[in-house]
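Chain and residue survey
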Amino acid sequence: MRNQILGTELLDHQIGIFYIGQEGYIIKYQNQYYMIDAYLSDYVDRHCCTEEVKWVRNYEAPISAGELDFIDYVFCTHAHFDHADPDTLSTLAKINSKAKYIMPAAAADVLKEYGISEESIIRAHDGQSLTLGPAVVTPIPSAHEQLNRDANGDFYEMGYRLQLGESVLYHAGDCCIYDGLEGRLGKVDIAMLPVNGRDYYRLSRDIIGNMTAPEAIELAEKIQAKLLVPMHFDLYDCNCISAASFVDAHYTAKSKVTYHIFQPGEGYVFA
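On a predicted model such as this, the values are computed, not experimentally measured, just so you know. (Residues numbered from 1 in each chain as written. Predicted model: local features only at pLDDT ≥ 70, side-chain atom pairs only at ≥ 80, totals over all residues. Heavy atoms only, no water.)

1. Brief notes about the pattern of salt bridges
Tallying each qualifying case throughout the model produces 14 salt bridges. Of the charged contacts in the structure, one is a salt bridge between Asp-69 and Arg-2, with a shortest N-O distance of 2.5 Å. Here the residue Asp-69 occupies a position in the loop between helix 2 (43-48) and strand 4 (73-75), and Arg-2 occupies one in helix 1 (residues 2-7), the gap between them amounting to 67 residues. The salt bridge involving Arg-46 is made with Asp-42; its shortest N-O contact spans 2.7 Å. For Arg-46, a relative accessible area of 46% corresponds to the partly exposed category. Here the salt bridges share partners, and the residues they tie into one network are Asp-109, Lys-112, Glu-118 and Arg-123. (Salt bridge = Lys/Arg side-chain N within 4 Å of Asp/Glu carboxyl O. Helix = DSSP H or I, 4+ residues; strand = E, 2+ residues; numbered from the N terminus. Buried < 20%, exposed > 50% of the residue type's maximum accessible area, 1.4 Å probe, protein only.)

2. Some words on the pairing of strand 3 (residues 32-36)
Of all five residues making up strand 3, four are buried, and the element is well covered by its neighbours. Note that strand 2 (residues 24-29) and strand 3 share five bridges and pair antiparallel. When the bridges of strand 3 are listed, Tyr-25 appears paired with Ile-36. In this structure, the hairpin formed by strand 2 and strand 3 is closed by a connection of two residues, where Gln-30 is found at a positive phi of approximately 50°. In the sheet, strand 3 pairs with strand 4 via three bridges, with the strands oriented parallel. (Pairing = 2+ DSSP bridges.)

3. Some thoughts on the packing of aromatic side chains
Under the definition given, this model contains 13 aromatic pairs. An angle of 35° between the planes, with centres 6.5 Å apart, marks the rings of Tyr-34 and Phe-75 as tilted. Note that Tyr-34 is positioned in strand 3 and Phe-75 in strand 4, a separation of 41 residues in sequence. Judged on exposure class, the residue Tyr-34 and its partner Phe-75 are both buried. Three or more aromatic residues link up through ring pairs in this structure, and these residues are Tyr-19, Tyr-25, Phe-262 and Tyr-268. (Phe/Tyr/Trp six-rings, centres within 6.5 Å; stacked < 30°, edge-to-face > 60°.)

4. Points about unusual backbone geometry
One non-glycine residue with positive phi stands out, namely Asp-37, at about 55°. For Asp-37, the location among the structural elements is in the loop between strand 3 and helix 2. Exposure remark for Asp-37: the relative accessible area of 0% places this residue in the buried category. Positioned with a positive phi, Asp-206 is a non-glycine residue whose angle comes to about 65°. Along the chain, Asp-206 turns up in the loop between helix 6 (200-204) and helix 7 (213-222).

5. Here's the deal with the pairing of strand 9 (residues 158-164)
The side chains of a regular strand alternate, first on one face of the sheet and then on the other. Most of strand 9 is tucked away: six of the seven residues are buried. Relative to strand 9, strand 8 (residues 135-141) runs antiparallel, the two sharing seven bridges. In the strand pairing of strand 9, Thr-138 is matched with Arg-161. Strand direction decides the pairing type here: strand 9 and strand 10 (residues 167-171), joined by five bridges, are antiparallel. Within strand 10, the residue paired with Tyr-160 across the bridge is His-171.

Structure, rendered in structure tokens:
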């Protein structure tokens, strides 16, 4: 997969999207590499299994953290291990000295526990845009069932809106719909949204939920997305939905939003 990513030639207005599992993507734009929510180990399987909830990956990561010396910017939407993976991040800290790490300000200190230097950490604050290479990135709060803040008012969970030339890509991280989200987003070309939903029994097992597929589809319509990318549906059986159920929801809604269901390791070029 490394050769595929590095070897994909793009025009200046094109965006390369490469799926690395769960909510993890590598975005290539004008020879800069932006990686979001990379989970490339089995850390959750080894540390989070209980008698009641068995965490077992459905597939191996399509690329290893040790191959990612080319990444320029590493985004974590929040501190859960499948979004800020201790194994992936600690490996990156050893093999990639140029990378900058962007994480919600309320959760960013955890990065130092994984071997990332203070100088490499960028704390994301609500609405404060960052210029990162050719991208202008605006952090947007995410409601992981609810909006969570620290004593300073900073959010623990955030998505990222990337302005890439004339195109806008939004990666929600783990998120539910909340009042004002649509207005914060504005018009989005590529909407990466979780679709695994939420329910009482999962929450009682400390499995915090996300948008349902119908909610993600309706949000994509409201923000006029040209491409909807469903996320967080395929890695763990205890917290997923079938791809077919997403397709059925799209059909039932009679939605005109184009979608793409990625396979692990797959690349896609958006223009």
